[in-house]
Amino acid sequence: VERRLGLLTDERMVLKGFEGWPEGKLALFSEVVAREEEISKLKGMLDVKGPEWKAKPNMAEEVRFVMSQFERLTTQLEWLEKSKADDERKLRELGIPVDGNGLKRVRVGVVEAAKYVMQIGLSASQRLAAQAASADPPPAKTLQHLQGQVVWLLQAGMRFGFKCHQFAGGFDSEAAGLFHSVRSELERLGEAKQA
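In what follows, the accompanying structure is described. These numbers were taken from a predicted model, which means no experiment stands behind them.

Our next topic: the overall build of the protein. Tallying secondary structure elements over the protein gives 7 helices and 0 strands in all. Element order for the protein, N to C, with α for helix and β for strand: α-α-α-α-α-α-α. Within the span of the protein, comprising 195 residues, buried residues form 33% of the whole. Excluding contacts between residues fewer than 6 apart, the proportion of contacts in the protein whose partners are at least 24 apart in sequence is 76%. When the accessible surface of the protein is totalled, it reaches about 12,500 Å², and 56% of it is carbon and sulfur.

Pasting the structure below:
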């Protein structure tokens, strides 16, 4: 037996040879672990407060980066959601408890990312207003250029917020308040531009 075992290098192949070894259960556990690791990575992709997040040098780049991460995340998450029902059914058949909250946690992370992007636009708008109202404001042409950048950030926040709202199935009260604030700020800037 020892000589035979010495020829086998894969532990799983050795264990498969024993009657009653739950190979199917073990394979399913491996799949579940891999899936949970994938979900954890997806959540980390938009965790702007996480230790792995690297802020970009300016607000526009930061917003573009968050939006591109969201696009990557949605593609991967859709694939995981398609296999979710089948995976959960297999787990229940084998009597393994199911935690269906992994994908919900990713959706909550998406809402957090939407809040972050909307806050960037609002912060830029507040900075612009402070510069315009200062004792020594920049030249009108500079203010106009900055206002264009702020409007872009606010519009990007609105579009991204809407996408995240649709993807996550809604907003919490803080995100809804930020969304309305962004819309109001865009309206205010549009009126100021017309005046």
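Alright, that's what it looks like, and here's the rest.
Below, the discussion takes up helix H3 (residues 23-45). In this model H3 runs 33 Å from its N-terminal to its C-terminal C-alpha over 23 residues, within 8% of the 33 Å that 1.5 Å per residue would give. Of all the positions in H3, only Glu23, Leu28, Arg35, Ile39, Leu42 and Met45 are classed as buried.

Counting 38 residues, the largest nonpolar core has Leu73, Leu77 and Phe160 as the members making the most contacts within it. Among the secondary structure elements, those contributing two or more residues to this core are H3, helix H4 (59-93), helix H5 (102-133), helix H6 (140-168) and helix H7 (173-194). Broken down by element, the residue count for this core peaks at 11 residues, all from H5.

The tally for this structure, following the rule as stated, stands at 4 aromatic pairs. Among the aromatic residues, those joined into a ring-pair cluster are Phe70, Phe160 and Phe167. For Lys56, the ring lying beneath its charged end belongs to Phe65, and the centroid distance is 4.0 Å. A cation over a ring is seen here: Arg64 above Trp152, with NZ or CZ 4.7 Å from the ring centre.

The rules behind these values
- Residues numbered from 1 in each chain as written.
- Predicted model: local features only at pLDDT ≥ 70, side-chain atom pairs only at ≥ 80, totals over all residues.
- Heavy atoms only, no water.
- Helix = DSSP H or I, 4+ residues; strand = E, 2+ residues; numbered from the N terminus.
- Buried < 20%, exposed > 50% of the residue type's maximum accessible area, 1.4 Å probe, protein only.
- Contact = heavy atoms within 4.5 Å.
- Areas by Shrake-Rupley, 256 points an atom, 1.4 Å probe, with all protein chains shown as cover.
- Expected span 1.5 Å × (residues − 1).
- Core = buried A, V, L, I, M, F, W, Y, C linked by side-chain atoms within 4.5 Å.
- Phe/Tyr/Trp six-rings, centres within 6.5 Å; stacked < 30°, edge-to-face > 60°.
- Lys NZ or Arg CZ within 6 Å of the ring centre and 35° of its normal.

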